[in-house]
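Read off the chains here:
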Amino acid sequence: MTTPENRHPAHDDLRERWVRTLLTVRRPEADLPSGTPSPYAYADDLLARWAEPHRRYHTTDHLIAVLDRVGLLSSHCEGPEAVAAVTLAAWFHDAVLLPDRSTNEDRSARLAERALPEAGVSPQLTAEVARLVRLTATHDPAPGDTGGEVLCDADLAVLAGTPQEYAAYAAAVREEYAFVPDDAFRAGRADVLRRLLDLPALFRTPYGRDHWEHVARRNMATELELLLS
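Residues numbered from 1 in each chain as written. Predicted model: local features only at pLDDT ≥ 70, side-chain atom pairs only at ≥ 80, totals over all residues. Heavy atoms only, no water.

Asker: Before we move on, could you go through the nonpolar core and cite the residues and values that matter?
Answerer: Trp18, Trp91, Phe92, Val129, Leu159 and Tyr169 are the most contacted members of the largest nonpolar core, which has 67 residues in total. Not counting residues up to four positions away in its chain, the partners in contact with Trp18 are Pro39, Tyr42, Ala43, Leu46, Leu88, Trp91, Phe92 and Leu116. (Core = buried A, V, L, I, M, F, W, Y, C linked by side-chain atoms within 4.5 Å. Buried < 20%, exposed > 50% of the residue type's maximum accessible area, 1.4 Å probe, protein only. Contact = heavy atoms within 4.5 Å.)

Here you go:
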């Protein structure tokens, strides 16, 4: 639940962003069943999830960053409906966050599969949003999956921050997993970094390759070296 204490300064703007996206793709008002909840109800539920007190990195600020990057990369998508699908997937991609579980992406996708049809979104678009959310478990979209490329690049762009931004990101991730002992965290985090570094390319959009790839690899290699030292 969003309270005055955890209400983000961008809360109202985010509600409007959600509604604008939803209204571009949901069925006409006349075709919706009686009692269909207001679009704002879904925004409020999602924003409450993103404001949960145990979050340190996967916060409302992360949601905003991913939404903004989806907008930056949106020309890579194949039309307005594809942009809407990626935008909705950005809203849902970390909506369920249980740091001690490895099923967060699937749980977030299942939340989308329940909420979006009720909100008036077609089964086809709902399935695409859920597929995109699940893709963030690996960040490895197939060649030509432009929606997946945009969402994964938007999610990974944090890796290409300045050294100070990257250090803040890494520290927030550690805080989110504070319950994990240091040795176990270092081993698990090193495995994540190696998996990403082993990808032929971290970023699949032209913008991501040109602006983020080199810096992200340098940042991750530095973090991995520090973890293993």
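Asker: How would you sum up the environment of Glu78? Please name residues and give values.
Answerer: Assignment of secondary structure puts Glu78 in the loop between helix 3 (60-73) and helix 4 (80-92). The spacing of Glu78 and Asp145 is 67 residues in sequence and 9.8 Å in space, taken between C-alpha atoms. (Helix = DSSP H or I, 4+ residues; strand = E, 2+ residues; numbered from the N terminus.)

Asker: If you had to explain the pattern of salt bridges to someone new, which residues and values would you point to?
Answerer: In total, this model carries 18 salt bridges according to the counting rule given. In this structure, Asp45 and Arg49 form a salt bridge, with 3.0 Å as the shortest nitrogen-oxygen distance. You can see Asp45 and its partner Arg49 sitting in helix 2 (residues 39-50), four residues apart, about one turn around the helix. You can call Asp45 partly exposed: its relative accessible area is 37%. A salt bridge links Asp106 to Arg134, with the shortest nitrogen-to-oxygen separation between them at 2.8 Å. With Asp106 in helix 5 (residues 104-119) and Arg134 in helix 6 (residues 123-135), the pair connects residues that are 28 residues apart, well separated along the chain. For Asp106, a relative accessible area of 31% gives the class partly exposed. Among the charged side chains, a network of salt bridges with common partners joins Asp106, Arg110, Glu113 and Arg134. (Salt bridge = Lys/Arg side-chain N within 4 Å of Asp/Glu carboxyl O.)

Asker: I'd like a rundown of helix 1 (residues 11-25), residues and numbers included.
Answerer: Between its first and last C-alpha, helix 1 extends 22 Å over 15 residues, near the 21 Å set by a 1.5 Å rise per residue. Along helix 1, the positions that sit buried rather than exposed are His11, Leu14, Arg15, Trp18, Val19, Thr21, Leu22 and Val25. Burial along helix 1 is one-sided: seen end-on, the buried residues are contained in an arc of 165°. Projecting away from the buried face of helix 1 at angles above 90 degrees are the exposed residues Arg20 and Thr24. (Expected span 1.5 Å × (residues − 1). Arc of directions from axis to C-beta.)

Asker: Can you lay out the side chain of Glu105 for me, pointing to particular residues and giving the numbers?
Answerer: By secondary structure assignment, the location of Glu105 is in helix 5. Ignoring sequence-local partners within four residues, the contact set of Glu105 consists of Val133, Arg134, Thr136 and Ala137.

Asker: Just give me the short version of the packing of aromatic side chains, but keep the residues and values in it.
Answerer: A complete count under the given rule lists seven aromatic pairs for this structure. When the ring of Trp18 is compared with that of Trp91, the centres are 5.4 Å apart and the planes differ by 75°; the resulting orientation is edge-to-face. Of this pair, Trp18 sits in helix 1 while Trp91 sits in helix 4; the two residues are 73 residues apart in sequence, bridging distant segments of the chain. Consider the rings of Tyr207 and Trp212, whose centres lie 5.3 Å apart with planes at 75°: the pair is edge-to-face. Note on Tyr207: relative accessible area 32%, which makes it partly exposed. Ring pairing ties together the aromatic residues Trp18, Trp91 and Phe92, which thus form one cluster. Looking at Arg55, its charged tip hangs above the ring of Trp50, at a distance of 5.2 Å from the centre. The ring centre of Phe185 lies 4.3 Å from the NZ or CZ of Arg174, which sits over that ring. (Phe/Tyr/Trp six-rings, centres within 6.5 Å; stacked < 30°, edge-to-face > 60°. Lys NZ or Arg CZ within 6 Å of the ring centre and 35° of its normal.)

Just geometry here; none of it tells us what the structure is for.
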